[in-house]
Amino acid sequence: MLTCFDIGGSAIKGAKAAAPDQVKSTRRVPTPTHDFEAFLSVLREMIEEGEEQSRGVAISTAGAIDPQTGIAKIANIPCADGRRLQQDLEAALGLPVWIARDSACFALAEAHFGAGKGHETVFGIILGTGVGGCLVVNERAYVGTSGYAGEWGHGPVAATQVSVTEKILPRFRCGCGQIGCIDAVCSARGMEKIHEALHGVLLPSTAIMEAWQKGMDEASLTIDVYLEILSGPLAMVMNTTGPSIAPVGGGLSNAPELIERLDEETRKRMLCPPDERLIVPGQCGIEPGLIGAAIVGFQNLDAD
């Protein structure tokens, strides 16, 4: 039995896992973002729940762990940021701890039990609060020497000119400190920035999507611009990693029409586009972070 956590800036979700396909959610509590002792206390309480003793702790979280130093980079949880988090947790909890970033856990869940099941190479795409991803090969996440391989949302590559309008878009500043990242332009907030730059009106992404689905002109232009900016870099990622399927998670994946258009726009920009759909909505809609954490935990437990 493993205890699994999906830890975000707003909440910690816990689960007990007898196997990767036997994950039972326990409860959800607010994340103590600024108090590490309170953070540990929440984890301990969930680990101790239930009759069977946990053999280890598997965690999905935003950010990444530097494989060279063990130092965590988790900006939205300041009490964990900058720590050698795995070592600190193992010392405090008295159990083996395995930590994976949330995009890797999503991609693993999809590769094992979702849209990527049966595929050798899967690229999981996150489109929501941020833009991210992870490559899974033979059911194992590839994170590289940096710990965050596959995070294609960062790097100053976003276009400011597109074919569907003569307007020139600003180069938006990203939370990572760079200017012009896909994360800054093509997240849900990025879609809102595009709409405001084109039309002078700030609307929630949900309202933009609803207006687009109703065929309203301003929203339709926003989505056309959004897709053109997003699909070029994504086509390069598909060329580079060569997946046979690319499931999408995150809030924007809840609009199947958007993902279908993204697939069309991306494939026509690829070097050798496949005839069949490549980019599809994810199928692990319920707790992919916990499922992915369980996969990571059992893969490491079995390897020991």
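Treat the numbers as computed from the prediction; the structure is a model and nothing was measured.

Enquirer: It is not clear to me how the overall build of the protein should be interpreted in this structure. Could you clarify?
Expert: Scanning the protein for helices and strands turns up nine helices and twelve strands. A globule of 304 residues ought to have a C-alpha radius of gyration of about 19 Å, and the protein, at 20 Å, matches this closely. Seen through its principal axes, the protein has C-alpha atoms that stretch 60 × 40 × 35 Å. When each of the 304 residues of the protein is scored for burial, the buried share is 52%.

Enquirer: Explanation requested: the pattern of salt bridges in the structure shown.
Expert: Pairing between side chains of opposite charge can happen when their charged atoms approach one another. For the coordinates displayed, the defined rule picks out 14 salt bridges. Aspartate 263 is paired through a salt bridge with arginine 277; the nearest N and O atoms lie 3.8 Å apart. Of this pair, aspartate 263 sits in helix α8 (residues 256-267) while arginine 277 sits in the loop between α8 and β12 (279-281); the two residues are 14 residues apart in sequence, bridging distant segments of the chain. Judged by relative accessible area, which is 1%, aspartate 263 ranks as buried. Across the pair glutamate 265 and lysine 268 runs a salt bridge whose closest N-O atoms are separated by 3.1 Å. Where salt bridges share partners, they join Asp224, Arg261, Glu265, Lys268 and Arg269 into one cluster.

Enquirer: Just to check I follow, could you spell out the confidence of the model for the protein for this structure?
Expert: In low-pLDDT regions, the fine details of the predicted coordinates are not to be read closely. Chain-level statistics for the protein give a pLDDT mean of 94 and a share of 100% at 70 or above. Mean pLDDT across the elements of the protein ranges from a minimum in strand β5 (residues 64-65), with 84, to a maximum in helix α7 (residues 217-241), with 98.

Enquirer: Can you walk me through the nonpolar core in this structure?
Expert: Nonpolar side chains tend to gather and get buried jointly when the protein is soluble and globular. Ranked by size, the top nonpolar core spans 44 residues in total, and within it Ile125, Leu127, Trp152, Tyr226, Ile229, Leu258 and Ile279 carry the most contacts. With eleven residues, α7 is the single largest residue contributor to this core. Excluding residues within four positions of it along the chain, isoleucine 229 makes contact with Ala158, Ala159, Val162, Leu169, Ile182, Val185, Cys186 and Ile194. Judged by nonpolar contacts, the second largest core, of 28 residues, contains Ala104, Ala111, Ile245 and Val296.

Enquirer: What is the right way to read the packing of helix α1 (residues 36-48) against helix α2 (residues 85-93) from this model?
Expert: Between two packed helices, the angle of one axis relative to the other and the distance separating the axes together describe the packing. Running from amino to carboxyl end, α1 crosses α2 at an angle of 60°, the nearest separation of the two axes being 11 Å. The angle between the axes of α1 and α2 places the two elements in the oblique class. With respect to the hand of their crossing, α1 and α2 are arranged in right-handed fashion. Residue-level inspection shows Phe36, Phe39, Leu40, Leu43, Arg44 and Ile47 of α1 in contact with α2, the latter providing Leu85, Asp88, Leu89, Ala92 and Leu93. Looking at the contact of α1 with α2 residue by residue, the class counts come to nine nonpolar, no polar and two charged.

Enquirer: Would you take a moment to explain the sheet that holds strand β3 (residues 22-30) for this structure?
Expert: Think of a sheet as strands paired side by side through backbone hydrogen bonds, with each pair either parallel or antiparallel. One open sheet accounts for five strands, arranged β3-β2-β1-β4-β7; its pairing is mixed. Taken across any chain shown, the strands that pair with only one partner, and hence form the sheet edges, are β3 and β7 (97-101). The mean inter-strand angle of the sheet, taken between neighbouring strand axes irrespective of direction, is 20°. Where strand β1 (residues 2-7) and strand β2 (residues 11-19) come together, six bridges link them in antiparallel fashion. Considered in β2, the bridge of leucine 2 is made with alanine 17. This element, α1, spans β1, β2, β3 and β4 (57-61) of the sheet and lies at about 30° to β2. Strand contacts of helix α9 (residues 288-303): β1, β2, β3, β4 and β7, with the helix running at about 135° to β1, the strand carrying the most contacts.

Enquirer: Mind showing me how you'd approach the packing of aromatic side chains here?
Expert: Pairs of aromatic rings are described using the distance from one ring centre to the other and the angle between the two planes. One pass over the full model with this rule turns up one aromatic pair. Judged by centre distance (5.8 Å) and plane angle (20°), the ring pair of phenylalanine 36 and phenylalanine 39 falls under stacked. A residue pair is termed a helical-turn pair when its members lie 3 or 4 positions apart in one helix, as phenylalanine 36 and phenylalanine 39 do in helix α1 at three residues. Lying across the ring of phenylalanine 36, arginine 83 places its NZ or CZ 3.6 Å from the centre.

Enquirer: Can you help me understand empty space enclosed by the protein in this one?
Expert: Gaps left between atoms are located by rolling a probe of water-molecule size over the structure's atoms. For the structure on display, the rule yields one cavity of 30 Å³ or more. Along its surface, the largest cavity is lined by Ala158, Ala159, Thr160, Leu169, Pro170, Arg171, Phe172, Gly180 and Val185.

Enquirer: Which parts of the structure should I look at to understand the sheet that holds β12?
Expert: Strand order in this open sheet of five strands is β10-β9-β8-β11-β12, and the pairing throughout is mixed. Of all strands in the sheet, those with a lone pairing partner are β10 (140-142) and β12, marking the two edges. Across the sheet, the axes of successive neighbouring strands diverge by a mean angle of 35°, strand direction being ignored. Here strand β8 (residues 121-127) pairs with strand β9 (residues 131-137) via seven bridges, running antiparallel. From the neighbouring strand, isoleucine 126 faces β9, where its bridge partner is glycine 132. α7 contacts β8, β9, β11 (246-249) and β12 of the sheet and is inclined by roughly 155° relative to β8.

Rules of the game
- Residues numbered from 1 in each chain as written.
- Predicted model: local features only at pLDDT ≥ 70, side-chain atom pairs only at ≥ 80, totals over all residues.
- Heavy atoms only, no water.
- Helix = DSSP H or I, 4+ residues; strand = E, 2+ residues; numbered from the N terminus.
- Rg over C-alpha atoms; globule rule 2.2 N^0.38 Å.
- Buried < 20%, exposed > 50% of the residue type's maximum accessible area, 1.4 Å probe, protein only.
- Salt bridge = Lys/Arg side-chain N within 4 Å of Asp/Glu carboxyl O.
- pLDDT = per-residue confidence, 0-100.
- Core = buried A, V, L, I, M, F, W, Y, C linked by side-chain atoms within 4.5 Å.
- Contact = heavy atoms within 4.5 Å.
- Axes fitted to C-alpha atoms, helices over the stretch in contact; angles between N-to-C directions.
- Parallel < 35°, antiparallel > 145°, perpendicular 65-115°, else oblique.
- Left-handed = near helix turned anticlockwise from the far one by under 90°.
- Nonpolar A, V, L, I, M, F, W, Y, C, P; charged D, E, K, R; others polar.
- Pairing = 2+ DSSP bridges.
- Phe/Tyr/Trp six-rings, centres within 6.5 Å; stacked < 30°, edge-to-face > 60°.
- Lys NZ or Arg CZ within 6 Å of the ring centre and 35° of its normal.
- 1 Å grid on protein atoms, 1.4 Å probe; cavity = no way out; pocket = protein on both sides within 12 Å on 5 of 7 lines; lining within 4 Å.
- Points joined across faces, edges and corners; volume = space filled by probe spheres on them.

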